[in-house]
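# Coordinate analysis (summary)
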Amino acid sequence: MVPWGCDVGSDMGKGKKRGKGAKKDVVCGCKHVTRADVEAAVDAGATDLADVKRMTGAVTKCGKCKGRVKACLDQALEARAAAGAVAPEPEAASEPETENPLVIHGIYRHFKGDFYLVEDVAHDSENGEEVVVYRKLYGDGSLWVRPKAMFLSPVDREKYPEATQRWRFELQHVESVARRA
Ligand code: FES
């Protein structure tokens, strides 16, 4: 979990009744990107707006959220720098990360070994539940959906004691082999 956070205002959902808490945290309504998503992107290495756009999908539709997302990004970067100056992040001695961030367009590895690209988050029309839309990065490259909570859940250790990763789907940090300038 990040030891810092951004706190920009959001006009998303003004006057609307549903999803009070979650709605308040949305910084990009078109893509349902929250402050936590932006912070997670910074955690995963984002350093500018282009990174956040690529990793979360924010600011890629109407663009009205650009200022809000940028402000959130700046706060997150500032807070991270400050946290680093005061107390460098510990090297995760024995306690593993407690959060598995969801990054739009992030590449995830399933605990059984295959890779998937998160395309977006959608809502189930029957119950409003958030589902992750993700694409197989093998075989026919088909699209699949799974409840977000399940997608981000830990591996069932009792059922799969031999699993080598903590999360059912784990975010991968794929470097460019061409070393982008
Ligand atoms: S609100 Fe973010 S792209 Fe429209």
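The rules we used
Residues numbered from 1 in each chain as written. Predicted model: local features only at pLDDT ≥ 70, side-chain atom pairs only at ≥ 80, totals over all residues. Helix = DSSP H or I, 4+ residues; strand = E, 2+ residues; numbered from the N terminus. Buried ≥ 20, exposed ≤ 12 C-beta atoms within 10 Å, placed from the backbone. Contact = placed C-beta atoms within 7 Å. Axes fitted to C-alpha atoms, helices over the stretch in contact; angles between N-to-C directions. Parallel < 35°, antiparallel > 145°, perpendicular 65-115°, else oblique. Left-handed = near helix turned anticlockwise from the far one by under 90°. Nonpolar A, V, L, I, M, F, W, Y, C, P; charged D, E, K, R; others polar. Core = buried A, V, L, I, M, F, W, Y, C linked by C-beta atoms within 7 Å. Pairing = 2+ DSSP bridges.

Now for the overall build of the chain. Looking only at helices and strands, the chain features five helices and seven strands. Counting from the amino terminus, helix and strand elements in the chain follow one another as α-β-β-α-α-α-β-β-β-β-α-β. Looking at the chain as a whole, 25% of its 181 residues qualify as buried. Restricting the contact set of the chain to residue pairs at least 6 apart, pairs at least 24 apart contribute 48%.

To continue, consider the packing of helix α2 (residues 35-43) against helix α3 (residues 49-56). Contact geometry for α2 and α3: axes closest at 10 Å, N-to-C directions at 110°. In terms of their interaxial angle, α2 and α3 are classed as roughly perpendicular. Between α2 and α3 lies a crossing of right-handed hand. In contact with D37, V38 and A41 of α2, α3 contributes D51, V52, M55 and T56. Tallied by class, the residues present in the contact of α2 with α3 amount to four nonpolar, one polar and two charged.

What follows concerns α2. Most of α2 sits inside the fold, with seven of its nine residues counted as buried. Turning to α2, its buried residues number three or more, namely R35, D37, V38, E39, A40, A41 and V42. Just downstream of α2 lies G45, where phi reads positive at about 115°.

Ranked by size, the top nonpolar core spans 32 residues in total, and within it V27, V38, A58 and V69 carry the most contacts. Filtering out sequence-adjacent residues up to four positions away, V69 remains in contact with V27, C28, V38, L49, V52, A58 and V59.

Moving on: the sheet that holds strand β4 (residues 115-123). Ordered by their spatial adjacency, five strands build an open sheet running β6-β5-β4-β3-β7, and the pairing between neighbours is antiparallel. Each edge of the open sheet is held by one strand with a lone partner, namely β6 (143-147) and β7 (169-172). Ignoring strand direction, the axes of neighbouring strands in this sheet form an average angle of 45°. Bridging between strand β3 (residues 107-110) and β4 involves three bridges; their strand directions are antiparallel.

Below, the discussion takes up the pairing of β7. Every second residue of β7 is oriented toward a common face, the buried set being F169 and L171 and the non-buried set E170 and Q172. With four bridges joining them, β3 and β7 adopt antiparallel strand pairing. Residue R109 lies in a different strand from β7, and its bridge partner there is E170.

Attention now goes to unusual backbone geometry. Trans peptide bonds make up most of the peptide bonds, and negative phi angles are found at most residues other than glycine. Even without being glycine, H32 reaches a positive phi, approximately 55°. If you trace the backbone, H32 turns up in the loop between β1 (26-28) and β2 (33-34). H32 sits in the buried class, given 21 other C-beta atoms within 10 Å. Unusually for a residue other than glycine, H105 sits at a positive phi of about 75°. Here H105 lies in the loop between α4 (66-86) and β3.

Here the focus is the pairing of strand β5 (residues 130-136). Strand direction decides the pairing type here: β4 and β5, joined by seven bridges, are antiparallel. By the bridge assignment for β5, H123 is matched with E130. Linking β4 back to β5 in an antiparallel pair, the connection comprises six residues, with G128 at a positive phi of about 75°. With five bridges joining them, β5 and β6 adopt antiparallel strand pairing.

Remember that the coordinates give geometry; whether it matters functionally is a separate question.
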